Amino acid sequence: MLSGLSSLCPRNTAWRWVHRPWTTLFAFFKQTVRTLKSLGTLWTLYTTSSAVMRKMNKVALGDAAPPVSGKNRNVPEEMQKQVDDVGAQFTERFIQDPENITLLLTLLEEFDFHVRWPGVKLLTALLKNQCAQVQGIILVSPMGVSRLMDLLADSREVIRNDGLLLLQQLTKSNAAIQKIVAFENAFERLLDIITEEGTSDGGIVVEDCLLLLLNLLKNNSSNQNFFKEGSYIQRMKPWFEVGDDNAGWSAQKVTNLHYMLQLVRVLVSPVNSPGATASCQKAMFHCGLLQQLCTILMATGVPADILTETINTVSEVIRGSQVNQDYFASVNAPSNPPRPAIVVLLMSMVNERQPFVLRCAVLYCFQCFLYKNQKGQGEIVATLLPSTIDANSISAGQLLCGGLFSADSLSNWCAAVALAHALQDNLTQKEQLLRVQLATSLGKPPVSLLQQCTNILSQGDKISRRGSKVQTRVGLLMLLCTWISNCPIAVTHFLHNQENVPFLTAQISENLGEDERLVQGLCALLLGICIYYNDNSLENYTKDKLKQLIEKRIGKENFVEKLGFITKHELYSRAAQKPQPVFSTPEHMLFDHEFTKLVKELEGVITKAVHKSSEEEKKEEEVKKTLEQHDSIVTQYKELIREQDAQINELKAQVASMTSQSEQMQATITQQLTQIQQHKDQYNILKLKLGKTGDQSASQGEGAHVNGLQSEELSQLREELEELRRQHAQQQTQLAEQDTLIASLKSEAAHSAEAAEGTSANAELLKELEALRAQVMSQAADINQLTESQELLRRAEAVQSGPGSVDNGVDMARVAELEKQLAAQSTEAQKLQEEVKGLNASRAGMEADLASATSTAAILQAEVSKLQQEVQESKKEQDDLLMLLADQDQKILTLKQKLKDLGETIEDEDDLDSKDQSEDDEDEEEEEEDDE
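Not measured: the values here are computed from a predicted model.

About the criteria used
- Residues numbered from 1 in each chain as written.
- Predicted model: local features only at pLDDT ≥ 70, side-chain atom pairs only at ≥ 80, totals over all residues.
- Heavy atoms only, no water.
- Helix = DSSP H or I, 4+ residues; strand = E, 2+ residues; numbered from the N terminus.
- Buried < 20%, exposed > 50% of the residue type's maximum accessible area, 1.4 Å probe, protein only.
- Contact = heavy atoms within 4.5 Å.
- Areas by Shrake-Rupley, 256 points an atom, 1.4 Å probe, with all protein chains shown as cover.
- Patch = residues over 30% accessible without salt bridge, like charges linked within 9 Å, V, L, I, M, F, W, Y side chains within 5 Å.
- Salt bridge = Lys/Arg side-chain N within 4 Å of Asp/Glu carboxyl O.
- Polar contact = N/O pair within 3.5 Å; in protein donor to acceptor, adjacent residues only side chain to side chain.
- 1 Å grid on protein atoms, 1.4 Å probe; cavity = no way out; pocket = protein on both sides within 12 Å on 5 of 7 lines; lining within 4 Å.
- Points joined across faces, edges and corners; volume = space filled by probe spheres on them.
- Nonpolar A, V, L, I, M, F, W, Y, C, P; charged D, E, K, R; others polar.
- Arc of directions from axis to C-beta.
- Core = buried A, V, L, I, M, F, W, Y, C linked by side-chain atoms within 4.5 Å.
- Lys, Arg positive; Asp, Glu negative; His and termini not counted.
- Charge placed at Lys NZ, Arg CZ, Asp CG, Glu CD.
- Phe/Tyr/Trp six-rings, centres within 6.5 Å; stacked < 30°, edge-to-face > 60°.
- Lys NZ or Arg CZ within 6 Å of the ring centre and 35° of its normal.
- Axes fitted to C-alpha atoms, helices over the stretch in contact; angles between N-to-C directions.
- Parallel < 35°, antiparallel > 145°, perpendicular 65-115°, else oblique.
- pLDDT = per-residue confidence, 0-100.

Asks: Is there a simple way to explain the overall build of the protein in this structure?
Replies: Counting its regular elements, the protein contains 40 helices and four strands. The buried share of the protein, taken over its 932 residues, is 41%. Across the protein, contacts joining residues at least 24 apart in sequence account for 73% of those joining residues at least 6 apart. Accessible surface, the protein: about 50,400 Å² in total, of which carbon and sulfur atoms supply 52%.

Quick look at the structure:
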């Protein structure tokens, strides 16, 4: 059949078979499908494109043919490439109409296995062929990603597992889809699947889940924060609970654990934002994940690649976190006697029998342990000092020195870089390391570590080593550059050795091969550091003399060119990309990441320092000193202003509190004035009543009638007297409250008198106090009026006590008692008057304190204005001097140019000085001859 079809037109033949009428007769439909399969062997593209497009149209119209189950056609190996090309072309044609993808997503909602599973496989294939285009269509499709996330909840494992593969392809390099998938509760579902499948002991499904998690978290800060905030880091701890029997490590378990460690590294990667990394590191420590990783690190029987990845993971978990670094320093290996984990790891690093990748991982771990950890740097350097060396134990410092001077070039480089990290940005440890003394051989005096490094560097090819000799020299030069940078004392120690500078100049000036160019560049960098950080304490090696030496022996341009060899090296840019040392071979291990930062920082300043003249340096130093002086003056004034601001704020707070108290007192006074007015009104009424009573007793002669009226009025007067007593008690209470307020105002006024800015507020408060005292005096007058009213009451009672008033005998005793109470109230009124006098005396004292505070504030204000005026005058004088100097230089240049135009010979200032000196000498000789 195929031989007969081969001579026909592929497009027409495929079109005819595809467009045959669909029928529900299963046998007829099955024959059509088999024929299309046979045609697909020859004309794959025409057949598939035509068939699938028509099939998609039928599905869209709801007129699908009966399903046909069968196995996929086996493709021969020689046709695999052609099939892949056809698949890419088919995918491109398929996605030209986005409705096809939308329709496919709709079909995935069907629960039928024969619909859902092939749909998942088809969409996965489309994503593999045209990932970005299909992702864009799914992203804009309504509920597209949510439909795909439902595949993870399918009870059929085949669909769920293929759904994982589909989501892996979907989330590749697309941050928007990654965020949507994460917020569709992907983390929860994936972690549940990993737990159900047995975590690290699980199968390929665990691996697929971990790959999907890596896609969601890598380089996606939003998902990383969501993962941390969702407390999913705590659920990772059981993954690393490896049993004591580590003999059975299957290949799948190694792969799973490898991806789990990578997942931890993604969360604490140095390329993440510092805040996100620090929060993840903190969470890993508190949930015990770091402790679990350290357990794997110190366990036995762990495969080499897992151990290497664990070391790298622990490195990034502790990098820059002081708490995690302190914990790692306390971890001990399960040996007899116990040794610190750092010592055990360093033993592996300087051991040339260990795998290369493991040694790189240990170096990275040591670097991360010392990163921003001055405490750890001090502990490492302390193991090298004479007072702390223990001959019975192996310390980190001894291992580093052993590796630094061993015959293995890779150990030399690793030890030099590790020791350089112990000195990174730590001036104290750089100075402490100068105290280290080494015993070279019996009978010879010990030499310093700095001297021994320079000795090995100068010997060069004379020492036989295993590996690259350039690697050893590069490591030592990096160590020396890191050591003496930003440390003038170390520069002085280095220059004190008379052989160091000639060695560096000889290395820089020679014309060496390609391999030695890097060494020349590092020697130029080391010599430049000696110039830039030189404090001119050595006469023979001051800045100017070293510059003259470079100009005579090397040449400034040649020196700068050799310095540029460092950054032009092909391995420099690789090392500058990320902190982890990743090298394909030991020979490529030349640069350290932190050292590349140092080179970038120093290259420009060293070039400027070499080209500068001595006069420019002097001017710069003078300008620096002037700026430093100005900065110190400005700093002092800033501190003074801060103190004054603090005082002003305190005074403002006091004024606010006193204002509120004054308002309260004003309200109290208003209330008291109202009460006094009521008392006055009552007093006037009593007066009128007493007057009427007297008139009635004088004009009328009938005693019984008068006595009856007087008894009624007497009862009213008694009630009014009781009311007056109560009001008097209230006034006494209010006076006591006023006394308390006055005392508090006096104390606050004393505090506020110490400040310069609070004088005006104190004056206002004192005015308020005077007003309050006046009101107290008025209240005293009111009390006197009340006393008078009591006297009137007493007279009224005397009127009632005449003959003929037998019924009032009982009231006489009551009147006597009232008289006693009136006498007591009079005494209390006198006491109140005495207290008013005391308040007047305290007012005088407060006025004196206010006067002294006002004078102090005036003095302080005068001093501040004087200092500010002096600062302005000094700045103005400096600006004027600079302008005068600039004008004078311009005039001198103009005059010199005019003289040159007129043909006069212009000499430099140095020549004129020497000429004047010679003329003075000649004049002195002529005077001596004349005297003779």
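That shown, we press on.
Asks: Looking at this structure, how should I read unusual backbone geometry?
Replies: Apart from glycine, the bulk of residues carry a negative phi angle, and the bulk of peptide bonds sit in the trans form. A cis geometry characterises the amide bond from Asn336 onward to Pro337, with omega recorded as 0°. Structurally, Pro337 can be placed in the loop between β1 (332-333) and β2 (339-340). You will see that Thr199, though not glycine, has its phi angle at about 50°, which is positive. Turning to its location among the elements, Thr199 is positioned in the loop between α12 (186-196) and α13 (204-217). Accessibility expressed as a relative area gives 18% for Thr199, which makes it buried. Residue Lys372 is not a glycine yet carries a positive backbone phi of 55°. Mapping Lys372 onto the fold places it in the loop between α21 (356-370) and α22 (374-382). Classification of Lys372 as exposed rests on a relative accessible area of 65%.

Asks: For this particular structure, what's the right way to read a nonpolar patch on the surface?
Replies: On the surface, Leu139, Val140 and Ile180 cluster together to form a nonpolar patch covering roughly 250 Å² of accessible area. The topology assignment puts Leu139 in helix α8 (residues 131-140).

Asks: When you look at the pattern of salt bridges in this model, what are you seeing that I'm missing?
Replies: In the structure shown here, the tally under the stated rule is 13 salt bridges. Here Asp192 makes a salt bridge to Arg235, at a shortest N to O gap of 2.8 Å. On the criterion of sequence distance, the pair formed by Asp192 in helix α12 and Arg235 in the loop between α14 (221-229) and α15 (251-267) is long-range, its members being 43 residues apart. For the salt bridge of Arg265 with Glu316, the shortest nitrogen-to-oxygen distance reads 3.0 Å. Placement of the pair is Arg265 in helix α15 and Glu316 in helix α18 (residues 304-318), with a sequence separation of 51 residues. Taking the relative accessible area as the measure of exposure, Arg265 reaches 14% and is therefore buried. A single salt-bridge network, built from bridges that share partners, covers Arg116, Asp154 and Arg156.

Asks: Is there a simple way to think about the side chain of Ser146 in this case?
Replies: Mapping Ser146 onto the fold places it in helix α9 (residues 144-149). For Ser146, a relative accessible area of 14% translates into the label buried. Looking at Ser146, its side chain comes within polar contact range of the side chain of Glu184, at 2.8 Å.

Asks: What exactly am I supposed to notice about the layout of surface pockets here?
Replies: Regions of empty space are outlined by a rolling probe, equal in size to a water molecule, passed over the atoms. The calculated volume of the second largest pocket comes to roughly 640 Å³. Looking at the second largest pocket, it is lined by 27 residues, and the ones nearest its centre are Lys218, Gln262, Arg265, Val266 and Ser269. Residue contributions to the lining of the second largest pocket peak at four residues, all from α15. Class assignment of the residues belonging to the lining of the second largest pocket gives a composition of seven nonpolar, 14 polar and six charged.

Asks: Can you walk me through helix α19 (residues 322-330) in this structure?
Replies: Side chains three or four residues apart in an α-helix point the same way, a direct result of the helix having 3.6 residues per turn. Within the span of α19, buried status applies to Asn324, Gln325 and Phe328. Around the axis of α19, the buried residues are gathered within 100° of arc, so they sit on the same side. Buried residues in α19 make contact with α16 (274-286), α17 (289-298), α18, α20 (341-349) and α21.

Asks: Looking at this model, I keep getting lost on the nonpolar core. Mind explaining?
Replies: As a rule of thumb, soluble globular proteins bury nonpolar side chains together. In terms of nonpolar packing, the biggest core is built from 178 residues, with Leu123, Leu148, Trp239, Phe240, Phe328, Trp483 and Leu525 touching the most fellow members. Excluding its chain neighbours within four sequence positions, the residues that come into contact with Phe240 are Leu257, Met260, Leu261, Val264, Leu289, Gln292, Leu293 and Ile296.

Asks: How do you make sense of helix α32 (residues 556-563) when you look at a structure like this?
Replies: All buried positions along α32 are accounted for by Phe559, Lys562 and Leu563. Each buried residue of α32 sits inside an arc of 105° when the element is viewed along its axis, so together they form one side. Summarising the contacts, the buried residues of α32 are in contact with α29 (500-509), α30 (514-532), α31 (543-554), α33 (565-568) and α35 (593-611).

Asks: Hey, could you run me through a negative patch on the surface in this one?
Replies: Taken together, the side chains of Glu870, Glu873, Glu877, Asp879 and Asp880 present a region of like negative charge at the surface. Within the secondary structure layout, Glu870 lies in helix α39 (residues 809-901).

Asks: It is not clear to me how the packing of aromatic side chains should be interpreted in this structure. Could you clarify?
Replies: The description of an aromatic ring pair uses the distance of the two centres, along with the angle that the planes make with each other. Here the structure, examined in full by the defined rule, presents eleven aromatic pairs. Ring geometry for Phe227 versus Tyr232: centroids 5.4 Å apart, planes at 40°, classification tilted. For the residue pair Phe227 and Tyr232, the accessibility class agrees, reading buried in each case. Taken together, a centroid distance of 5.6 Å and an interplanar angle of 90° make the contact between Tyr572 and Phe591 edge-to-face. Placement of the pair is Tyr572 in helix α34 (residues 570-577) and Phe591 in the loop between α34 and α35, with a sequence separation of 19 residues. With respect to burial, Tyr572 and Phe591 carry one shared label: buried. An aromatic cluster is present here, built from Phe183, Phe187, Phe226, Phe227 and Tyr232 joined pairwise through their rings. Across the ring face of Phe111, the terminal group of Arg156 is positioned such that the distance to the ring centre comes to 3.9 Å. Cation over ring: Lys253 sits above Trp249, and NZ or CZ is 4.6 Å from the ring centre.

Asks: What exactly am I supposed to notice about the environment of Gly604 here?
Replies: Checked against the element boundaries, Gly604 lands in helix α35. Residues Gly604 and Val560, 44 residues apart in the sequence, show an inter-C-alpha distance of 9.8 Å.

Asks: Is there a simple way to think about the environment of Gly402 in this case?
Replies: Structurally, Gly402 is set in helix α23 (residues 396-404). Overall, the relative accessible area of 41% leaves Gly402 in the partly exposed class. Taking the C-alpha atoms as reference points, Gly402 and Ala415, separated by 13 residues in sequence, lie 8.3 Å from one another.

Asks: Quick question: what am I supposed to make of the packing of α31 against α32 here?
Replies: Helix packing for two helices is described by the angle between their axes and how far apart those axes are. Running from N to C, α31 and α32 point in directions that differ by 90°, and their axes come no closer than 7 Å. When the axes of α31 and α32 are compared, the pair comes out roughly perpendicular. Within the contact between the two elements, α31 uses Ile550, Glu551 and Ile554 and α32 uses Lys556, Asn558 and Phe559. Of the residues belonging to the contact of α31 with α32, the class tally is three nonpolar, one polar and two charged.

Asks: For this particular structure, what's the right way to read the confidence of the model for the protein?
Replies: Reading fine detail from the predicted coordinates is not recommended where pLDDT is low. Looking at the protein, pLDDT values average 78 and 70% of them are 70 or higher. Scored below 50 in pLDDT, residues 755-759 shows eleven contacts in the model against residues more than four places distant or in partner chains. Residue range residues 799-811 is modelled with pLDDT below 50. Its contacts to residues more than four positions away, or to other chains, number eleven contacts.

Asks: How should the environment of Tyr364 be read in this particular structure?
Replies: Inspection of the secondary structure puts Tyr364 in helix α21. Note: C-alpha distance between Tyr364 and Cys414 (50 residues apart in sequence) is 9.9 Å. Excluding anything up to four places from it in sequence, Tyr364 contacts Pro270, Asn312, Ser315, Glu316, Pro579, Gln580 and Pro581.

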